[in-house]
2 protein chains.
Amino acid sequence: MKKIVVFGAGLSATYLISYLEENAAENNWRLYVADRDLALAIGKCKSENTQCIAIDSNDDEAVSKLISGASLVVSMLPASLHIRIARECLFQKIHLATASYLSAELQELDAEIKKNDLIFLNECGLDPGIDHLSAMKLLDSIRLQGGEITEFESFTGGLVAPECVDNPWGYKFTWNPRNVVLAGSGGAVKFIHNGQYKFIPYHRVFRRTELVNIKGYGKFEGYANRDSLKYRETYGLHHVKTMYRGTFRRPGFSKAWNSFVQLGATDDSYILPNSSQMSHREFINTFLPYHQTDSIELKLKSYLGIEQDDIYLWEKLESTGIFSDEKIGLPSDSTPAQILQCILEKKWSLKDDDRDMIVMWHRVCYTQNNTSKTVESSLVCEGQDRKHTAMAKTVGLPLAMACKQILKGSISLRGCILPTHPEIYTPVLNELKKYGIVFNETQITV
Amino acid sequence: MKKIVVFGAGLSATYLISYLEENAAENNWRLYVADRDLALAIGKCKSENTQCIAIDSNDDEAVSKLISGASLVVSMLPASLHIRIARECLFQKIHLATASYLSAELQELDAEIKKNDLIFLNECGLDPGIDHLSAMKLLDSIRLQGGEITEFESFTGGLVAPECVDNPWGYKFTWNPRNVVLAGSGGAVKFIHNGQYKFIPYHRVFRRTELVNIKGYGKFEGYANRDSLKYRETYGLHHVKTMYRGTFRRPGFSKAWNSFVQLGATDDSYILPNSSQMSHREFINTFLPYHQTDSIELKLKSYLGIEQDDIYLWEKLESTGIFSDEKIGLPSDSTPAQILQCILEKKWSLKDDDRDMIVMWHRVCYTQNNTSKTVESSLVCEGQDRKHTAMAKTVGLPLAMACKQILKGSISLRGCILPTHPEIYTPVLNELKKYGIVFNETQITV
């Protein structure tokens, strides 16, 4: 029997664990699910053959003992906790798989991982993950037919299903809210457009959006990810003239979100004094000029140049409760970003029967036989409820399916790898179809 | 004879060296001026009793030898170079004086400096320097008369004299241009206004200005310095309701400068690819959306929302040459901030006969005998020419005068000190008057 150890039984592990359990008997796997919270692990496991373990992943001795004899370790823990587990996997010569970005410190172990004939698979969730799988399949098939790629655009969004939209933003937190609040911050956004490098400072990112129509689902608004150029090499797109990767929201989101950016309410670099005692309203006033009598609403409109009749923007801001006298309620003074997240979570958390929705879209322009062609490929996937989200499904399933390929021995690559190779993307994309995760392609010849 | 060693003979040392030379005979001083560039040092020294030395300030042995037996060391080197000299001064038990901000690493030596009965004087130039001297004199005299201070505002600007204004910005570089380009960046600006903490993100700093009228010189525009609260403790203003420190420019500067901030052209965090080959125009286009036919001028107006008839703003932007096809001309790829500095230096460098101007202004509100009172204090100082700038004078003279007090033994303070004490500010401010550096006070009773 092959031993598989999964670290972390949180939201993103739900579908991964189910898949591994369902495929265990047929493949002769023995599954171990370890979490700090034993009850959480037990709640996620349905098979009596699965063993649940309480563990502190920083306890090297316990980790070492648990993974001993395993064929594969999967880490669904926060990204920063992977490296200790990775070192132990390397020491014990066990394959490793995660859905997180390949880190620099993991990359440093690459030569040694290869030397030990091991696979450390990274970025095999949704974004990163399914974006790599689907983009590479599309790009490789174009190149195989002699096409020369000139432009590549790719957007992904984690949203709520149309029927569950009940606020003017058309948005709720379906994943780590902190990442949503800090999106775009931390340095200029860069991409390449028609051969020219383009840079956008953080405070302009949400005003440089692109509208994309997805058949049957209407329009989505995309803003640029921080570094669109990162995967030029990985995707073999060194000479591409346009490369743009971004995030989808519903139209109007970015303009309204920009109000928070303009205020400085997304700043995570300092602690706001006395903020543990503040109301939502006082928090917003921190960023506005002092005035003895003018209301915060009027000061905000004037400061940000919001037109008196821009009701679409205004109803979004009002709906978040930022003008309320309610106390923020954080236990200690916090950064503006932490406070904004806390305020938004009061309104933007999924209700029990809310369903989320993943939208992914690629556009590739290329020339073939002297003809300019464009192909668009899109995926829409809706969740079932608050616990069975499309996000958890699209993060967990590709990773679980890639694990099966690793255990089957069908992957010849070694070292720190991404799922950008046919021996991973072909079987995983095929199997994902069975779970309703299907891309629609539209070919356009100009 | 008392030996004085001055490190650095650059622009800011001109008046300092002259003053020390003029006062040498009377006080029985022997002056040594050391610089990497011997010719520069020789050019600055007029007395045959002064000794000029070529030195690399990182050569600990040479520094140690040079300062041996000195009574006082003055460092006019870049701030980062002070610490090695400070350590050697401590070792040899020699007083030290600089015009730079007191650094954390110097502060760490405080106890040891005190133990050795030494004075390490910091922040005794213009800003920081004369601002401390004059603010503390004003604040102390109000407190001495039983006044309770409620508000403190202070602005300083390094500008060009009115007769030398020959560009629409009314501005030229009279000091380190890099600091001007990066002004306001590096974190949210904070201050306190009527008891409320206020924070401004970098991209809004130049849109939150204040107009101040200085009798005989017209209006100046002030934007907030990064941390106005820093000197609350130093100035004894723990309970002040409003504390705001800032920088003066001529009206209209900030709105136009904000265009560069909005574009992202002041970003110093990344190297712009291919920028060594770019023209001014191509540099600006890096921050603008791609378009096949629209001009860069039109794209800029549209992107930044510049009204078609806002000629005051537009003539400022045009006058900098940013739309020119001229090559930037930097030898290697650089950051946006470095490139912008290079472009502006082509237009904003002082001509030989250009005269600069320093403007400093404080406003203190206080209550005395149940009456609300306000006092304003301002200083305007014009330079002689490009080499004898008001900046060099107002940085060098207070430091030189404080050095005289140290050598006379009239300062009882020990350790890392600022010139915020009467035993420094009283004699220095009195002596500055002889050089035309005089504050005008206006008392207003509400």
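Residues numbered from 1 in each chain as written. Chains lettered and ligands numbered in written order. Predicted model: local features only at pLDDT ≥ 70, side-chain atom pairs only at ≥ 80, totals over all residues. Heavy atoms only, no water.

Draft legend 1. Just the overall build of chain A, in detail. Summing up its helical and strand segments, chain A has 17 helices and 16 strands in all. Over its C-alpha trace chain A gives a radius of gyration of 23 Å, about what one expects of a compact globule, namely 22 Å for 446 residues. Dimensions of chain A along its principal axes, counting C-alpha atoms only, are 75 × 60 × 40 Å. When burial is assessed residue by residue, chain A has 58% of its 446 residues classed as buried. Once local pairs closer than 6 in sequence are excluded, the contacts in chain A between residues at least 24 apart make up 71%. If you sum the accessible surface of chain A, you get close to 18,900 Å²; carbon and sulfur atoms cover 47% of it. Taking the average location of the 50 positive side-chain charges in chain A and that of its 53 negative ones, the two points are 3 Å from each other. (Helix = DSSP H or I, 4+ residues; strand = E, 2+ residues; numbered from the N terminus. Rg over C-alpha atoms; globule rule 2.2 N^0.38 Å. Buried < 20%, exposed > 50% of the residue type's maximum accessible area, 1.4 Å probe, protein only. Contact = heavy atoms within 4.5 Å. Areas by Shrake-Rupley, 256 points an atom, 1.4 Å probe, with all protein chains shown as cover. Lys, Arg positive; Asp, Glu negative; His and termini not counted. Charge placed at Lys NZ, Arg CZ, Asp CG, Glu CD.)

Draft legend 2. Examining the domain arrangement of chain A more closely. Residue and element names in this part refer to chain A. Domain parsing of chain A yields domain 1 (2-122) and domain 2 (127-390 + 437-446). Facing six residues of domain 1, the contacting portion of domain 2 comprises ten residues. Where domain 1 abuts domain 2, roughly 640 Å² becomes buried across the two surfaces, and 58% of that area is made up of carbon and sulfur atoms. On the domain 1 side of the interface with domain 2, the three residues burying the most area are L11, Y15 and Y101, jointly 74% of the side's total. On inspection of domain 1 and its partner domain 2, the count reaches zero salt bridges. Viewed at the interface, domain 2 and domain 1 are joined by zero residue pairs in polar contact (both at pLDDT 80 or more). Along the lines of polarity and charge, the residues of the side of domain 1 that touches domain 2 split into four nonpolar, two polar and no charged. (Domains from an automatic or database assignment. Buried area = accessible area lost by both parts, 1.4 Å probe. Salt bridge = Lys/Arg side-chain N within 4 Å of Asp/Glu carboxyl O. Polar contact = N/O pair within 3.5 Å; in protein donor to acceptor, adjacent residues only side chain to side chain. Nonpolar A, V, L, I, M, F, W, Y, C, P; charged D, E, K, R; others polar.)

Draft legend 3. How the structure looks around the packing of helix α11 (residues 253-263) of chain B against helix α14 (residues 311-319) of chain B. All names here are of chain B. Axis separation between α11 and α14 bottoms out at 10 Å; the angle between their running directions is 55°. Classified by the angle between their axes, α11 and α14 sit oblique to one another. The interaxial crossing formed by α11 with α14 has right-handed handedness. Contact residues: F253, K255, A256, S259 and F260 in α11; L313, K316 and L317 in α14. (Axes fitted to C-alpha atoms, helices over the stretch in contact; angles between N-to-C directions. Parallel < 35°, antiparallel > 145°, perpendicular 65-115°, else oblique. Left-handed = near helix turned anticlockwise from the far one by under 90°.)

Draft legend 4. Spatial organisation of α14(B). Residues and elements named next belong to chain B. The set of residues buried in α14 consists of L313, W314, K316 and L317. One face of α14 carries all of its buried residues, which in axial projection span an arc of 160°. Turned more than 90 degrees away from the buried face of α14, the exposed residues are I311 and Y312. On its buried side, α14 packs onto α11 and α13 (296-304). (Arc of directions from axis to C-beta.)

Draft legend 5. Seen up close, unusual backbone geometry. Cis peptide bonds are those with omega within 30 degrees of zero, and the linkage from D127(A) to P128(A) qualifies with 15°. Mapping P128(A) onto the fold places it in the loop between β6 (119-121) and α8 (130-144). Even without glycine at this site, N28(B) takes up a positive phi of about 65°. With respect to the helices and strands, the residue N28(B) is situated in the loop between α2 (24-27) and β2 (29-35).

Draft legend 6. Main features of the sheet that holds strand β3 (residues 51-54) of chain A. Residues and elements named next belong to chain A. What the seven strands build is an open sheet, ordered β3-β2-β1-β4-β5-β6-β15; its pairing is parallel. Each edge of the open sheet is held by one strand with a lone partner, namely β3 and β15 (415-417). Taking each pair of neighbouring strands and ignoring which way they run, the sheet shows an average axis angle of 20°. As defined by bridge partners, strand β1 (residues 2-7) adjoins strand β4 (residues 72-75) across four bridges and the pair is classed as parallel. Residue pairing in the sheet places I4 in a bridge with L72 of β4. The strands touched by helix α4 (residues 60-67) are β1, β2 (29-35), β3 and β4; relative to β1, the strand with the most contacts, the crossing angle is about 150°. (Pairing = 2+ DSSP bridges.)

Draft legend 7. Examining the packing of aromatic side chains more closely. According to the stated counting rule, one finds 49 aromatic pairs over all chains in the structure shown. Ring centres of W169(A) and F260(A) lie 5.9 Å apart, and the angle between their planes is 5°; on these two criteria the pair is classed as stacked. Remark: F260(A) occurs in helix α11 (residues 253-263) and W169(A) occurs in the loop between β7 (148-160) and α9 (177-182); sequence separation between them is 91 residues. Here the two residues W169(A) and F260(A) agree in accessibility, since each one is buried. Among the aromatic residues, ring-to-ring pairing joins W169(A), Y171(A), F173(A), F253(A), W257(A), F260(A) and W348(A) into one connected group. Its guanidinium or amino end placed over the ring of Y303(B), R204(A) lies 4.1 Å from that ring's centre, counting from NZ or CZ. (Phe/Tyr/Trp six-rings, centres within 6.5 Å; stacked < 30°, edge-to-face > 60°. Lys NZ or Arg CZ within 6 Å of the ring centre and 35° of its normal.)

Draft legend 8. Broad picture of the relation of the copies chain B and chain A. Under the fitted operation, chain B is carried onto chain A by 0.0 Å of movement along the axis and a turn of 180°, and the coordinates agree to an RMSD of 0.0 Å. What we have between these two chains is a two-fold relation. Considering only C-alpha atoms, the part of chain B nearest the rotation axis is H203(B), at 3.4 Å. Mapped onto chain A, 100% of the interface residues of chain B are again interface residues, and the two copies thus contact each other with one and the same surface. (Least-squares fit on C-alpha atoms with pLDDT ≥ 70 in both.)

Draft legend 9. Spotlight on α11(A). All names here are of chain A. For α11, the buried fraction is high: ten of the eleven residues fall into the buried class. Of the positions making up α11, those classed as buried are F253, S254, A256, W257, N258, S259, F260, V261, Q262 and L263. Two residues or fewer past α11, G264 is found with a positive phi of approximately 95°.

Draft legend 10. Summary view of the packing of helix α8 (residues 130-144) of chain B against helix α17 (residues 422-433) of chain B. All names here are of chain B. Relative to each other, α8 and α17 sit at 110°, their axes nearing to 9 Å. Taken together, the axis directions place α8 and α17 in an arrangement best described as roughly perpendicular. Judged by residue contacts, I130, L133, S134, M136, K137 and D140 of α8 engage P422, I424, Y425, V428, L429 and L432 from α17. Taken together, the residues of the contact of α8 with α17 sort by class into nine nonpolar, one polar and two charged.

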